[in-house]
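Chains, contacts and geometry: an overview
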Amino acid sequence: MCEYPTSMANTSELGESSSPSFHNYASAASAVKLASLGLIMGISLLGNASLSLLLLKDSSLHKAPYFFLLDLCLADVVRSAVCFPFVMASISGGSAWPYSTLCCKLVAFMSVLFCFHVAFLLFCVSVTRYMAIAHHRFYYKRMNVCTCAAVICMVWTLSVAMAFPPVFDVGTYKFIREEEQCTFEHRYLKANDTLGFMLMLAVIVGTTHVVYVKMLCFVYDHRKMKPAQLVPAISQNWTFHGPGATGQAAANWIAGFGRGPTPPTLVGIRQASHPGNRRLLVLDEFKMEKRIGKMYYIISLTFLILWAPYISACYLRIFVRGAPVPQLYLSAAVWMSFAQAGANPIISFLFNKELRLRLRACFPSCLGTQTPMEPYCVT
């Protein structure tokens, strides 16, 4: 539990703080920061909690890609509920940390933990998305609940391993007044150990996008393949002859395309139902996997866009001794990294038709009339 320290540092160290205009500017800036962070926290808690409840409630969403999305949402909920209130407290206290040093280290540990967790999980998701497109049969055979749980546990273990060493003053966690949060103290590379952590984060994020580029190249290459030319067999009393007489007609009957009496050699074999859906099953699954892959790529791209300004400022501090970072730029970069916590549910509902349909079906009272619960084919 965080406790107040015995002595508080005097926050009015700067001579300009006695100026009324400076007080007005600082008050307005603090109000804007508190309002924007409160809005981000509200959107994050409401959006991620709603999406998590939907993923838990709807059994049709109990599959691999949505297990990972559930883990992302729950992590963002914890980050918003635990870390953001301390940032708001430091803003309200005049850009000063009002709690103990141990509490600062714990908050910084959790902030870094959730950052690396998102990066590692999005990388693992990119690999599974590539497998779902390029190695479809292997993916559906191996990607079960136990495999998803193992991947999620591995991600959390790696995240803890990356975030825990600074607790023991390896790349010290401190309150950074300019950022109004407890996090890494990024100094010149010869005076600090944070370079390794920043390089690891950059490598993971970069590799994630490389995997998605490889997946897009695979899809593009296979779109150029010529469709198979089907030559029907000629049948007279189930005696097949012609180019398609290599068992294709019998296979068509089993798949549900055949008409007429049962072939004598296939008596006792059940004909497949729903011939139209059966014929388009593989194509529908391919389109669904592409849609989920697109959703996750936009989530990964949003993570990169929102964190890139802050990571750039960190690299500037590490490689350039005493490099001045404009306060306005740094504040905007920090708040963009905070906004990432509320972006995932918005992206998920915007770019995933299945989630929108299931949301309307599970929460009809909040979203209008209930949609018919009929089998549908996502196109």
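Residues numbered from 1 in each chain as written. Predicted model: local features only at pLDDT ≥ 70, side-chain atom pairs only at ≥ 80, totals over all residues. Heavy atoms only, no water.

The protein chain goes by Probable G-protein coupled receptor 27 in an unreviewed UniProt entry, where it is assigned to Notothenia coriiceps.

**Observations concerning the overall build of the protein chain**
Scanning the protein chain for helices and strands turns up 14 helices and four strands. Counting only residues that meet the buried cut, the protein chain has 42% of its 379 residues in that class. Within the protein chain, contacts between residues separated by at least 24 positions form 72% of all contacts whose residues are at least 6 apart in sequence. Within the structure as shown, the protein chain displays about 20,900 Å² of accessible surface, and the carbon and sulfur contribution to it stands at 66%. (Helix = DSSP H or I, 4+ residues; strand = E, 2+ residues; numbered from the N terminus. Buried < 20%, exposed > 50% of the residue type's maximum accessible area, 1.4 Å probe, protein only. Contact = heavy atoms within 4.5 Å. Areas by Shrake-Rupley, 256 points an atom, 1.4 Å probe, with all protein chains shown as cover.)

**A look at the packing of helix 2 (residues 64–82) against helix 6 (residues 145–163)**
Packing of helix 2 against helix 6 leaves a shortest axis separation of 9 Å and a crossing angle of 35 degrees. Crossing angle aside, the handedness with which helix 2 passes helix 6 is right-handed. In contact with Ala64, Phe67, Phe68, Asp71 and Ala75 of helix 2, helix 6 contributes Val145, Cys148, Val151, Ile152 and Trp156. Looking at the contact of helix 2 with helix 6 residue by residue, the class counts come to nine nonpolar, no polar and one charged. (Axes fitted to C-alpha atoms, helices over the stretch in contact; angles between N-to-C directions. Left-handed = near helix turned anticlockwise from the far one by under 90°. Nonpolar A, V, L, I, M, F, W, Y, C, P; charged D, E, K, R; others polar.)

**Observations concerning the UniProt feature "transmembrane region" (unreviewed entry) in the protein chain**
Residues given the UniProt feature "transmembrane region" (unreviewed entry) here are residues 34–56, 68–88, 108–132, 144–164, 197–220, 296–320 and 332–351. For residues 34–56, the helix share is 100%, the strand share is 0%, and the end-to-end C-alpha distance is 32 Å. With 90% helix and 0% strand, the stretch residues 144–164 has end C-alpha atoms that lie 30 Å from each other. (UniProt positions renumbered as here; feature names shortened; annotations may be inferred.)

**Details of the environment of leucine 55**
Within the fold, leucine 55 resides in helix 1 (residues 20–57). Classification of leucine 55 as buried rests on a relative accessible area of 3%. Taking C-alpha positions, leucine 55 is 10.0 Å from cysteine 73, a pair spaced 18 residues apart along the chain. Once residues lying within four places of it in the same chain are set aside, the contact partners of leucine 55 are Leu61, His62, Tyr66, Leu69, Leu70 and Leu355.

**A closer look at the state of the cysteines**
Summed over all chains, the structure comprises one disulfide. Paired through a disulfide, cysteine 104 and cysteine 182 show a sulfur-sulfur distance of 2.0 Å. Here the S-S torsion is close to -115 degrees, and the disulfide linking cysteine 104 with cysteine 182 is therefore left-handed. Of the two residues, cysteine 104 sits in helix 4 (residues 101–134) while cysteine 182 sits in strand 2 (residues 181–184), which places them 78 residues apart along the sequence. As far as burial versus exposure is concerned, cysteine 104 and cysteine 182 are alike and both buried. (Disulfide = S-S within 2.5 Å.)

**Structural notes on the packing of helix 12 (residues 343–351) against helix 13 (residues 353–362)**
For the pair helix 12 and helix 13, interaxial distance at closest approach is 5 Å and the crossing angle is 95 degrees. As judged from the angle between their axes, helix 12 and helix 13 are roughly perpendicular. Together, Ser348, Phe349, Leu350 and Phe351 of helix 12 and Lys353, Leu355, Arg356 and Leu359 of helix 13 make up the contact between the two elements. Among the residues making up the contact of helix 12 with helix 13, the classes are represented as five nonpolar, one polar and two charged. (Parallel < 35°, antiparallel > 145°, perpendicular 65-115°, else oblique.)

**Observations concerning the pattern of salt bridges**
Pairs can form between side chains of opposite charge whenever their charged atoms are close. One pass over the structure, following the stated rule, counts six salt bridges. For the salt bridge of arginine 129 with glutamate 289, the shortest nitrogen-to-oxygen distance reads 2.4 Å. Of this pair, arginine 129 sits in helix 4 while glutamate 289 is found in helix 10 (residues 281–319), placing the two residues 160 residues apart along the sequence. The same class applies to arginine 129 and to glutamate 289, which are both buried. (Salt bridge = Lys/Arg side-chain N within 4 Å of Asp/Glu carboxyl O.)

**A few points about the environment of isoleucine 292**
Assignment of secondary structure puts isoleucine 292 in helix 10. Between the C-alpha atoms of isoleucine 292 and glutamate 354, which are 62 residues apart in sequence, the distance is 9.5 Å. Among residues more than four places away in sequence, those in contact with isoleucine 292 are Pro65, Tyr66, Arg129 and Asn352.

**Details of empty space enclosed by the protein**
Inspection of every chain in the model, using the stated rule, returns three cavities of 30 Å³ or more. Taken as a whole, the largest cavity spans an internal volume of roughly 240 Å³. Lining the largest cavity are 20 residues, with Val112, Cys115, Thr183, Trp307 and Tyr310 positioned closest to its centre. Sorting the residues of the lining of the largest cavity by element identifies helix 3 (84–92), helix 4, strand 2, helix 7 (195–223), helix 10 and helix 11 (327–339) as the ones contributing at least two each. Across the lining of the largest cavity, the residue classes tally to 14 nonpolar, five polar and one charged. (1 Å grid on protein atoms, 1.4 Å probe; cavity = no way out; pocket = protein on both sides within 12 Å on 5 of 7 lines; lining within 4 Å. Points joined across faces, edges and corners; volume = space filled by probe spheres on them.)

**Focus on the pairing of strand 2**
Where strand 1 (residues 173–176) meets strand 2, four bridges bridge the pair, whose relative direction is antiparallel. Counted as the bridge partner of tyrosine 173 is phenylalanine 184 from strand 2. Adjacent in sequence and paired antiparallel, strand 1 and strand 2 are bridged by four residues, among which glutamate 180 carries a positive phi angle near 55 degrees. (Pairing = 2+ DSSP bridges.)

**A word on a nonpolar patch on the surface**
On the surface, Leu39, Ile43, Ile346, Leu350 and Phe351 cluster together into a nonpolar patch covering about 460 Å² of accessible area. Counting residues per element, the nonpolar patch draws most heavily on helix 12, at three residues. Structurally, the position occupied by leucine 350 is in helix 12. (Patch = residues over 30% accessible without salt bridge, like charges linked within 9 Å, V, L, I, M, F, W, Y side chains within 5 Å.)

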